[in-house]
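Residue-level listing of the chains:
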Amino acid sequence: MNVVVSVGGSVLAPDLDPERVRAYAAVLEDLEASGHRLGAVVGGGPTAREYIAAARALGANEIALDGLGIAVTRLNARLLIAALGERATTAPPEDLDAAREAMRRGDLPVMGGTAPAHTTDAVAASLAEYVDADLLVLATSVPGVYDADPTQDADAIKYAEIGTGELIDLVTDIEMDAGSNAPVDLLAAKVIERGGLRAVVVDGTDPENVAAAVAGDHDGTDVVPDDE
Ligand code: UTP
């Protein structure tokens, strides 16, 4: 299968623990060894939030803050590249064309962000659409899509499956600033819908959940096109 994996910065690098990054690389290597073609997009996590908060206090505007966020996503991508070694692109591709070309060559592109005003979820969804991915795996700090914020509401229920239209309705109401608990950002949800993509949202704190998502046997949420 062609698979694009979005790895939240808060699950890959909540701290700079090399073992966690190594464990992610090992799962991606195993998936490649079993014949899947992969692309990866890495988020900025708490480090991006710290930089953004500091620069916001200094008076930087939102586009400038996005630039800082993108820089940190690419730093985190380089960490995963360090663990993947020869299998990965030597540096994070800076746009979708370069990432698609890398996949065509048989390299594993590890991207960060691309342009201001969205997040790496949207980059991953766009790459998935561009390479006609069979599956988009969103490895996040939230273990799936819930009907309410599970960190605020003890009665929140996790969907085993959700249609793209309902997903868009759900995330439209959630504030999208850094620190929000939205499982997927709105733009990503819209790209998933228009591309008719299949996606899975899993708890990324355990990289084995990414392998489980590809195997179709996971505890997260399947996002399915509305016509299915
Ligand atoms: P993330 O994709 O990491 O945000 O981008 P996130 O989803 O809130 O965090 P984690 O990693 O899943 O925990 C961090 C910030 O970088 C900028 C945005 O400001 C975003 O909030 N960014 C990122 C962009 O502007 N463009 C991009 O393509 C990616």
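To be clear, the structure that these remarks concern was listed above.
First, a word on scope: everything that follows refers to the structure included in this document. Note that the coordinates shown come from a computational prediction; the quantities given were computed from them, not determined experimentally. (Residues numbered from 1 in each chain as written. Predicted model: local features only at pLDDT ≥ 70, side-chain atom pairs only at ≥ 80, totals over all residues. Heavy atoms only, no water.)

Moving on: the overall build of the protein. Helix and strand content of the protein: 9 helices and 7 strands. For 228 residues, the compact-globule estimate of 2.2 N^0.38 gives 17 Å, and the protein sits close to it at 16 Å. When the backbone C-alpha atoms are referred to their principal axes, the protein occupies close to 50 × 45 × 30 Å. Across the 228 residues in the protein, those meeting the buried criterion constitute 47%. Summarising the internal contacts of the protein: among those between residues at least 6 apart in sequence, 68% fall at separations of at least 24. Surface accessibility of the protein: about 10,600 Å² in total, with carbon and sulfur atoms responsible for 48%. Taken together, the 15 basic and 40 acidic charged side chains of the protein have centroids lying 8 Å from each other. (Helix = DSSP H or I, 4+ residues; strand = E, 2+ residues; numbered from the N terminus. Rg over C-alpha atoms; globule rule 2.2 N^0.38 Å. Buried < 20%, exposed > 50% of the residue type's maximum accessible area, 1.4 Å probe, protein only. Contact = heavy atoms within 4.5 Å. Areas by Shrake-Rupley, 256 points an atom, 1.4 Å probe, with all protein chains shown as cover. Lys, Arg positive; Asp, Glu negative; His and termini not counted. Charge placed at Lys NZ, Arg CZ, Asp CG, Glu CD.)

One pass over the structure, following the stated rule, counts 6 salt bridges. As a salt-bridge pair, D107 and R105 come within 3.2 Å of each other at their nearest N and O atoms. Salt-bridge contacts for R194 lead to E129; the nearest nitrogen and oxygen are separated by 3.0 Å. Pair noted here: R194 is in helix α8 (residues 186-194) and E129 is in helix α6 (residues 120-130), with a separation of 65 residues, a long-range link. (Salt bridge = Lys/Arg side-chain N within 4 Å of Asp/Glu carboxyl O.)

By the criterion of burial, α6 is predominantly enclosed, with 8 of the 11 residues buried. Buried within α6 we find T120, D121, A122, V123, A124, A125, L127 and A128. Phi for D132, located one or two positions after α6, is positive at around 50°.

The local shell around the ligand holds 20 residues, among which G9, G44, D66, A115 and T120 are the closest. Within the backbone of G44, a nitrogen or oxygen atom sits 2.5 Å from an oxygen atom of the ligand. Between an oxygen atom of the ligand and a side-chain N or O atom of R49, the distance comes to 3.3 Å. Residue assignment for the shell around the ligand shows that the elements contributing at least two residues are α1 (9-12), α3 (45-57), α4 (62-84) and α6. Broken down by element, the residue count for the shell around the ligand peaks at 4 residues, all from α4. Broken down by class, the residue content of the shell around the ligand amounts to 5 nonpolar, 13 polar and 2 charged. (Near = heavy atom within 4 Å. Polar contact = N/O pair within 3.5 Å; in protein donor to acceptor, adjacent residues only side chain to side chain. Nonpolar A, V, L, I, M, F, W, Y, C, P; charged D, E, K, R; others polar.)

This part takes up the nonpolar core. By size, the foremost hydrophobic cluster in this structure holds 31 residues, and its most contacted members are V4, L136 and I192. Only α5 (96-105), α6, β4 (135-140), α7 (164-172), α8 and β6 (199-203) provide two or more residues apiece to this core. Sorting elements by how many residues they give to this core places α6 first, with 6 residues. Contact partners of I192, with chain neighbours within four places excluded, come to A125, L136, L138, T164, V184, L197, A199 and V223. The next biggest cluster of nonpolar side chains, apart from the first, holds 29 residues, and it includes V7, V21, V42 and I81. (Core = buried A, V, L, I, M, F, W, Y, C linked by side-chain atoms within 4.5 Å.)

Take the pairing of strand β2 (residues 37-42) next. Regular strands have side chains that alternate between both faces of the sheet. For β2, a buried count of 5 out of 6 residues is recorded, marking the element as mostly surrounded by other parts of the structure. Pairing of strand β1 (residues 2-7) with β2 involves 6 bridges; the strand directions are parallel. By the bridge assignment for β2, V4 is matched with G39. (Pairing = 2+ DSSP bridges.)

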